[in-house]
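# A closer look at the structure
Residues per chain, in single letters:
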Amino acid sequence: MAKLKVATTSLGGCFGCHMSFLDIDERIVDLAEVIEFDRSPFTDIKHCSEIVDIGLIEGGVCNSENVHTLREFRKSCKILVAIGACAINGGLPAMRNFVPLEECLAEAYLTGEGLENPQVPNDIELPLLLDKVHPIHELVKVDYFLPGCPPSANAFWKFLTDLAAGKKPALPYELVHYD
Ligand code: SF4
């Protein structure tokens, strides 16, 4: 049987969800029997293959590059999964939505303590920040949500092994949490 292709990315995330995924520890050897990684921080693949079975998205949408990446994943992935609080509802980074973006930038780059040569970075290579942080479902259709900050390794394991077995993922109560 062909292995499932799995792509992963971190948008406005902290990589904690990826770290929690790796907390499945030696079970990753068993998982490697049924899945292979496509575009992911775990690989050196820069763009999604034309057809990917599962896309795991960590992090909310904070800047223009996040928008491009998310659209690429949605275009390629048959099943797109919002992983963790940030992807599901914006998470802690969405607390900046209560403060005008100009004030955030000013505090970070112009008026904060201990700044030398204060200036807001404006190199054309840098992705522009969006006015607000968005959960991914506000931009693309999402097929599943895996909650937690981060979801536990056991939740990742159950979710992915269910999908690999051709079943609809079903998490028992004790694996569902939002903190
Ligand atoms: S949900 Fe939590 S662990 Fe995952 S990226 Fe966001 S802050 Fe990090």
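Residues numbered from 1 in each chain as written. Predicted model: local features only at pLDDT ≥ 70, side-chain atom pairs only at ≥ 80, totals over all residues. Heavy atoms only, no water.

An unreviewed UniProt entry annotates the chain as NADP oxidoreductase originating from Candidatus Methylumidiphilus alinenensis. UniProt lists a comment for the chain under the heading Cofactor (unreviewed entry), and it reads "[3Fe-4S] cluster". (UniProt positions renumbered as here; feature names shortened; annotations may be inferred.)

## Some words on the overall build of the chain
The helix and strand tally for the chain stands at 6 helices and 7 strands. Sequence-ordered secondary structure for the chain, helices as α and strands as β, is β-α-α-β-β-β-α-β-α-α-β-β-α. Here the C-alpha radius of gyration of the chain, 18 Å, is about what a compact globule of 179 residues would show, namely 16 Å. Principal-axis analysis of the C-alpha atoms places the extent of the chain at approximately 55 × 35 × 30 Å. Counting over 179 residues, the chain shows a buried share of 41%. Sequence separation of 24 or more characterises 77% of the internal contacts of the chain that already satisfy a separation of 6 or more. In the form shown here, the chain has an accessible surface area of approximately 10400 Å², with 57% of it arising from carbon and sulfur atoms. Looking at the chain, you have 15 positive and 26 negative side-chain charges, and the mean spots of the two groups are 11 Å apart. (Helix = DSSP H or I, 4+ residues; strand = E, 2+ residues; numbered from the N terminus. Rg over C-alpha atoms; globule rule 2.2 N^0.38 Å. Buried < 20%, exposed > 50% of the residue type's maximum accessible area, 1.4 Å probe, protein only. Contact = heavy atoms within 4.5 Å. Areas by Shrake-Rupley, 256 points an atom, 1.4 Å probe, with all protein chains shown as cover. Lys, Arg positive; Asp, Glu negative; His and termini not counted. Charge placed at Lys NZ, Arg CZ, Asp CG, Glu CD.)

## As for a negative patch on the surface
Together, Asp23, Asp25, Glu26, Asp30 and Glu33 give the surface a local cluster of negative charge. By relative accessible area, Glu26 is classed as exposed at 60%. (Patch = residues over 30% accessible without salt bridge, like charges linked within 9 Å, V, L, I, M, F, W, Y side chains within 5 Å. Salt bridge = Lys/Arg side-chain N within 4 Å of Asp/Glu carboxyl O.)

## Things to note about the state of the cysteines
By the definition in use, this model includes 0 disulfides. Sulfur of Cys104: no disulfide; nearest cysteine sulfur belongs to Cys62 and is 11 Å away. Classification of Cys104 as partly exposed rests on a relative accessible area of 23%. (Disulfide = S-S within 2.5 Å.)

## Remarks on the packing of aromatic side chains
All chains considered together, the criterion is met by 5 aromatic pairs. When the ring of Phe37 is compared with that of Phe42, the centres are 5.2 Å apart and the planes differ by 70 degrees; the resulting orientation is edge-to-face. Overall, Phe37 belongs to the partly exposed group, its relative accessible area being 24%. We classify Phe42 as partly exposed; its relative accessible area is 29%. Among the aromatic residues, those joined into a cluster by ring pairs are Phe21, Phe37, Phe42 and Phe156. (Phe/Tyr/Trp six-rings, centres within 6.5 Å; stacked < 30°, edge-to-face > 60°.)

## Digging into the site of the ligand
Around the ligand, the neighbouring residues are Gly13, Cys14, Gly16, Cys17, Glu58, Gly84, Ala85, Cys86, Gly148, Cys149 and Pro150. Elements with a minimum of two residues in the shell around the ligand: α1 (16-22) and α4 (84-89). Take the shell around the ligand: its biggest share by element is 3 residues, from α4. (Near = heavy atom within 4 Å.)

## What to know about the sheet that holds strand β3 (residues 52-58)
Pairing is parallel across the open sheet formed by 5 strands, whose spatial order is β2-β1-β3-β5-β7. In this open sheet, the two strands that pair with only one neighbour each are β2 (35-37) and β7 (144-146). When strand polarity is set aside, the average angle formed by the axes of neighbouring strands in this sheet is 30 degrees. Where strand β1 (residues 4-10) lies against β3, 5 bridges are found, and the strand directions are parallel. Bridge pairing in β3 places Thr8 opposite Leu56. The strands touched by helix α3 (residues 64-76) are β1, β3 and β5 (77-83); relative to β5, the strand with the most contacts, the crossing angle is about 135 degrees. On top of the sheet, helix α6 (residues 153-164) reaches β1, β3, β5 and β7; it is set at about 155 degrees to β7, its chief contact. (Pairing = 2+ DSSP bridges. Axes fitted to C-alpha atoms, helices over the stretch in contact; angles between N-to-C directions.)

## A word on the nonpolar core
By size, the foremost hydrophobic cluster in this structure holds 20 residues, and its most contacted members are Ile54, Val81, Ile83 and Leu146. Counting residues per element, the ones that place at least two in this core are β1, α1, β3, β5 and α6. Per-element accounting of this core gives the leading share, 7 residues, to α6. Once residues within four sequence positions are removed from consideration, Ile54 is found in contact with Leu4, Lys5, Val6, Ala7, Cys77, Ile79, Val81, Leu160 and Leu163. In terms of nonpolar packing, the next biggest core, distinct from the first, is built from 17 residues, Leu11, Phe73, Cys77 and Ile136 among them. (Core = buried A, V, L, I, M, F, W, Y, C linked by side-chain atoms within 4.5 Å.)

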